[in-house]
Each structure stands twice: as structure tokens, then as C-alpha cells.
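A closer look at the structure
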Amino acid sequence: MKKYTVFSHGYASPLLRCDHRLSTELDFDQVKHTSIQFEEDDLLYVPSEDGLIWVSQRTRNTAIASAIELFKNKVAFRQACADFMPDFFFKEVAVQDMHLLKLDFSRIGCYIIKPKRGYYATAVRTITPDTDLLQLQDEIQAELAIRSQYYPETMLSSQSLILEEFIGKPIENSLGLDEAELALDLFYDRNGEPVIVGLYHHPHPTCSAYFHTLYYTSQSIYARFSGMVIDFFQALQKRGLNLKNFPVHAEFKVIGTRLIPIEINPYRFGGYGLADLLHHACGINPYETYFESRHPDWPSLWAGKPDLYGCVVGYNGQGIDLQTHEPQRAEFKAMFGNSLLHSQPLDHMNCPLFAMAYFKTSDPDLLHKVLTLDYRKFFKTIEESTPC
């Protein structure tokens, strides 16, 4: 058994990239341009999804190759989960045919449409009776054209979408947990048992263009939802997946006592350093936990920690010209005051973000402040800019 991390040119957490003891580090191009093969019992972690297609082609583990395809193809995933939600509506739609859709709003009041293979909430939109489908088609095609500069077709489908019913009610600016969106990082261990390494509430912001702006966690979130999460992934495993040594990042809608799956992303945890949040909150390294197949003792880790721990992604301001403007990272950090635990700059010219911030607070007002941010306020012209 060997351990590998397959890096590409995108962002990867310093907790992963800088600890050479965890695994053998491979460059995406090494996998792509050599004949390397991964054995059935090898442990792999693939932080950037452009490496998934090559890993699935080079692994001798057929269960993992099948799971990568299942989880990345949202239509196939909905088909596999049909017995969890037998009345759930979904269908595949070609991008150029969006304006031809005939939708029934008598039973379903709102729909979601998004790429069949997606990444980082690109081109995710809601459809209501008032939606101009032709205008929406133009918007989605324009956004896909821009984001395709960052993400290849294997990560982001530019021609095929999935249309599905909206789960629950809109939850913009809500911190309530009775109807909410959860995100989580988890792995199947060497025995095929699911192990949680991160569990977060993902409230939706005012501006959908900044969809991933806030994730936060707490002892009460773990206590309330961890059992439900484990039950779901044990049930999923019983559908013949036979997964071992396999990390995932997953998203769910909570409606009362039900967890309804939105999507599962294979062979990685949350992107752009989301999984690092539990390092700052509880001191665990999620990547080391996976590679060593450890089971965190969450009640002990959360003991004496009543606060909220959050992760904020600083978006490139909507409509900002990055050739003439640059981010003011110092102003972004200053917004958190004494609550700031750590800040991580990102290359805003090569990804849609300019920074990450991790914070600790007992005041939910800070969360509400983040949810209503307009990130254009953190950009100035290059002539006006203050060195970061």
C-alpha cells in the first residue's frame, strides 16, 4: 500500500502541500504523461479535480473508478439516489435548449439548473415562474465561457445541464438549522466505515455570485447532525459501492430531521482550504487523519469550545476588471478584528478568489455581516492600491 497526493496547478492547502511526510507527492503532469498505475489498496488524495479523470483511468481499483464517475456526473448520481427520494424530479438539458423548457410550476414552485459536471457553484441558477429562460440561458452560457478558462471540461460541463426541483425553501441570510444547507468532509476508512473530518453550516449569502462566501461550524452542529451523516453514508455504501480509503466532500439540504443529498465530490475534501477550518477550530489535520485512517474523538475535541468557527472566501468582486484593479487584502483581514485566526492569500488572477479567512466568534452578527458583503469594496484601481 502506497500513499499519493496528486497536485495540479491550482490551490492546495499548506497543511497538505507542506507536509511531505503524509504521502508521495505527484504532479498532475506526471500522472498524465507517464504510465504510472495505482494499485487497488493505494491511498490517494486529489485536491484539484482536473486530476480525477487521469486517476480514474490509472487505478486498478474498479470501485473507485466507478465512484468517481458516479459522483462527478450529477445526472448519474441522482439516478443512484432515486430510492432515497422516489418523487424527486430531475432531467438532463442541453445548454442551447434551455429556452425551450416547458416547466410545471403547479407541483414544483421553483427549479434549480446547473452544469452536469460542476465546480464551485458555477452557473447554478434558480428558475421561477417569472424567469426569462432565454435571458437565463445567455447568462449561463456567458458564465460557463468565463469559468471554463479556469476549469477543464472534465470538471465543468459547458454543454450539458441538470434541471431539478428546488429542495425546500430559499435560505438567503438565514442562520437557522431547521431548514439549511450542510457541507461536510468525510472519508471511508480502510474497513469501509465513514469517518467525519469536517461538518459545516453553509448559509446562503444575499448575492448568489458569492455563493461560497461563508461556512461555519460548532460543537452544536456536530452534536445535531453527525449521526445523521454517518447513517446516510453507511446506507450509501450498502448500495454496492464497496469504497475504502476514499475521501469525499458532500453537500446536503436539511429539512427538519431529513438529510437530502445535493452532491458528492470524490477524492478530496472541501476546496480552497475549507477543510482546514477544523485545524483552526480543533487542532486536527484532516489530511493526516485520512492518510492514517484515524477516527477523531469529536466530543473531546469540542469540549470547552462554545464558539462559532468560520471560514470566509474573499471573492473577486463581481464585474471588477482585474487588469486595472487589485484586492486590498489588509482591509479584508481588518474586517474580522480580534476574531481573525488566520488569513491565506490566493492568486486572484488565476482563480475567482483573492483570500481566505478563518475566524472564531461568539457573535452571530459577524456571520450576518459576511452574508451581505459586496466584495467590490475590497478592490481599488492599481494606482490607488495599498501594498498588501
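The preceding data block contains the structure.
Now for a description of the structure that goes with this document.

1. Overview of the overall build of the protein
- Counting secondary structure elements, the protein contains 12 helices and 17 strands.
- Here the C-alpha coordinates of the protein stretch approximately 50 × 50 × 45 Å along the principal axes.
- Taking all 388 residues of the protein together, the buried fraction comes to 56%.

2. A word on the pattern of salt bridges
- On inspection of all chains with the given rule, the structure shows 16 salt bridges.
- Note that lysine 3 and glutamate 292 form a salt bridge whose closest N and O atoms lie 3.2 Å from each other. Here the residue lysine 3 occupies a position in strand E1 (residues 3–7), and glutamate 292 occupies one in the loop between helix H9 (286–291) and helix H10 (298–302), the gap between them amounting to 289 residues.
- On the accessibility criterion, lysine 3 (22% relative accessible area) is partly exposed.
- Measuring nitrogen to oxygen at the nearest pair gives 3.4 Å for the salt bridge that ties arginine 294 to glutamate 288.
- Residues participating in the shared-partner salt-bridge network are Arg78, Lys114 and Glu164.

3. Quick look at the packing of aromatic side chains
- In the structure shown here, the tally under the stated rule is 35 aromatic pairs.
- Centroid distance tyrosine 200 to tyrosine 215: 6.4 Å. Interplanar angle 80 degrees. Geometry classified as edge-to-face. You can see tyrosine 200 sitting in strand E9 (residues 194–201) and its partner tyrosine 215 sitting in strand E10 (residues 214–217), a full 15 residues away along the chain.
- On the basis of relative accessibility, which here comes to 0%, the residue tyrosine 200 falls in the buried class.
- With a relative accessible area of 5%, tyrosine 215 lands in the buried category.

Conventions adopted
Residues numbered from 1 in each chain as written. Predicted model: local features only at pLDDT ≥ 70, side-chain atom pairs only at ≥ 80, totals over all residues. Heavy atoms only, no water. Helix = DSSP H or I, 4+ residues; strand = E, 2+ residues; numbered from the N terminus. Buried < 20%, exposed > 50% of the residue type's maximum accessible area, 1.4 Å probe, protein only. Salt bridge = Lys/Arg side-chain N within 4 Å of Asp/Glu carboxyl O. Phe/Tyr/Trp six-rings, centres within 6.5 Å; stacked < 30°, edge-to-face > 60°.

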